Structure formats: structure tokens, C-alpha cells
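Report on the structure
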Amino acid sequence: MLLLLLLQVSASCLWLGRSEVVTSFESSCPQFFFRETPPNEALEPESPAWICQRYKNQYYFATLYDTNRRIPVYSAYLYQPAPGTRPKTWMVEPQLMGPTYPKTMEREWTLLNYFNVSLEQLSKSQAILHDYKNLTGLNRGHLNPNGHHPDFSSRTATFTLTNIVPQDEKLNSGAWKNYEQQTMIRRTQGCNTTYVVVGAVPGNNYIAKGRVNKPSHIWSSACCEVDTKHRKAWAAIAENDKNEVQLLTLGELENMLTQLYGRDRVSLFDRGCPRK
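Right, let's walk through the structure included here. Once a new chain begins, its residue numbering starts again from 1 and follows that chain's sequence as written. In keeping with the predicted nature of the model, local features appear solely for residues at pLDDT of at least 70, side-chain atom pairs appear and are counted solely at 80 or more, and the whole-chain, interface and lining totals rest on all residues. The side-chain numbers reported here are obtained from all heavy atoms of the structure, hydrogens and water having been left aside.

1. Regarding helix α8 (residues 250-261)
- Elements are defined by DSSP. Helices are runs of H or I of four residues or more, strands are runs of E of two residues or more, and each kind is numbered from the N terminus. Multiplying 1.5 Å by the residue count of a helix minus one yields the expected span of that helix. Between its first and last C-alpha, α8 extends 16 Å over 12 residues, near the 16 Å set by a 1.5 Å rise per residue.
- Taken together, the buried positions of α8 are occupied by L250, G251, L253, E254, L257, T258 and Y261. One side of α8 holds all its buried residues, which, seen down the axis, span an arc of 160 degrees.
- For α8, the secondary structure elements touched by its buried residues are β4 (71-78), β7 (193-201), β10 (217-225), β11 (231-239) and β12 (246-248).
- Of the residues trailing α8, G262 is marked for its positive phi of about 65 degrees. Relative accessible area decides the class of each residue, using a 1.4 Å probe on protein chains only: under 20% of the type maximum gives buried, over 50% gives exposed, and in between gives partly exposed. Arc, as used here, means the arc of the directions from the helix axis to the C-beta atoms. By definition in these notes, contact holds between two residues if any of their heavy atoms fall within 4.5 Å.

2. Digging into the pairing of β4
- Along β4, 7 of the 8 residues are buried, which leaves the element largely enclosed by surrounding structure.
- The turn joining strand β3 (residues 58-66) and β4, which pair antiparallel and follow one another in sequence, is formed by 4 residues; a positive phi near 60 degrees is taken by R70.
- Note: two strands are recorded as paired if DSSP finds a minimum of 2 bridges between them. In terms of strand pairing, β4 meets β7 through 5 bridges, oriented antiparallel. Each bridged residue has a counterpart across the sheet, and for A76 the counterpart in β7 is V197.

See below:
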């Protein structure tokens, strides 16, 4: 009996070490950040979760998640756009419930039917599909958009509710879409590698009877390596009730986020990315 208990503890520790909800991005999925440097602590919420977004046993991007407001703070990824089919299946993050659950994103249906999970249990730490039903004037807005990824698996990985915020429908299908699909193409001309961090500033309003925060702003930042000696950076921000996107320098966005969050000075990238 003692041997069995020791084996169970050992297996649990091994699972923890390889889990998707991690203790830090630097030790688990640093490849999504320029010079393996995530944004600083100025953006961290009271109840953060660091998620290396795993799908089919592979990491595709990183998300800092706010388990109290049930929205992502930001998602970080490599910009690698390619044409392809838009996925339709939405998933959730099992390990936000605890380390004994699967370390890869799963469909709600799978967790409810095969892992003896209740919807109430699942909904305590994250948004669920029901939270986004019957929205008026809002969409399920990706932070990390599926169109910025090269194949079906990487695009599917973006369809997790931990990468989603309630976004103004006109903004989502209008000015923000234009930024994602047109401005990014122009700005990344000549880039070998482009690191992107996209985030949401928490607002004062909620959907789903107070469960899920509606951000006041959506923002995006990028740091591009042209070659080993040259880099360029840019940023954008939009109020989440207007169909307008403001283009900024990286330094201007960091200044705005510092004011909006009202904490320590915000730093989104390693200092090697130009702020002007």
C-alpha cells in the first residue's frame, strides 16, 4: 500500500513538472518572447495563471490568465501567418482546476463526459462556453488570432477560451481586424522573426452575470528582428467600445498601459526592442 502511494505521488510530481499551467514562462515556454523575456510584473493580476498553451502535445503560445476576471491579461506568440481553414471547436484549460487534470487544452464536452468534471467545477477558474452565449454587441475576441499561424493545429490552439475576451463586435470585425490582417503584413515586411504580445486592460463592466470582465481596451505590441543587428517595434491600442485603432510606438504603448494600470512602469519586451 505504501509503495502504491509513493508511486502515485511520484507520478503526480512528474505531471506537475510537465503541466501546461506553469510557474513561469522563462522556465517552460520562453521561445514566444523576444530574448526569452516576458512582460514585467506590472501587468500581473491578483490571481494569475501562467499557461503554456499546449495542443496535441506541443506548445503554440503563452497566456497570462486572470482567474478572477476570467479573461487573459495577454497572449504572446510568433507571427507566422498563412492561409487556411478557420477552426470551429472551442476549448478550455483543464489544469486551471488542478494539476491532476489533462495538461493539454480540451473541449468542455470531453471533460464533462470522460473526466467526471462538473460545469460548476470547471467554471470556477475560467470562462466557459455558456458565458459567451446570447451576447449583444460583443464577440468572442481572440487576443492571439488564428490567422497569424501557419497550420491547422496552431490555428486550432488559439480557440481556447483562455485566449478570448468579450470584444466589441464592430471593433472585432472592423478596425481591429484591419490591424491584424493588413497593418501587420505591412509592418512585418523585412522581418525574419516577429514576436507579438497582445493584451486586454480590465474594465468596469462584466458579462455572464458578473463572471467575465469586459476589457476597457485591447492592445497589441510587436518586436521584429530584421537581422542580428537591427530590430524594429510598433504597437496599437483600441478602446473596447469604439471601432478605432490608434497606432503607437512601443514606448508610447508602455506609457499608456502604465497609466491605465496605475502600478509600476510597464515593460512588454526586453530593452533590445526600440521604444521610439
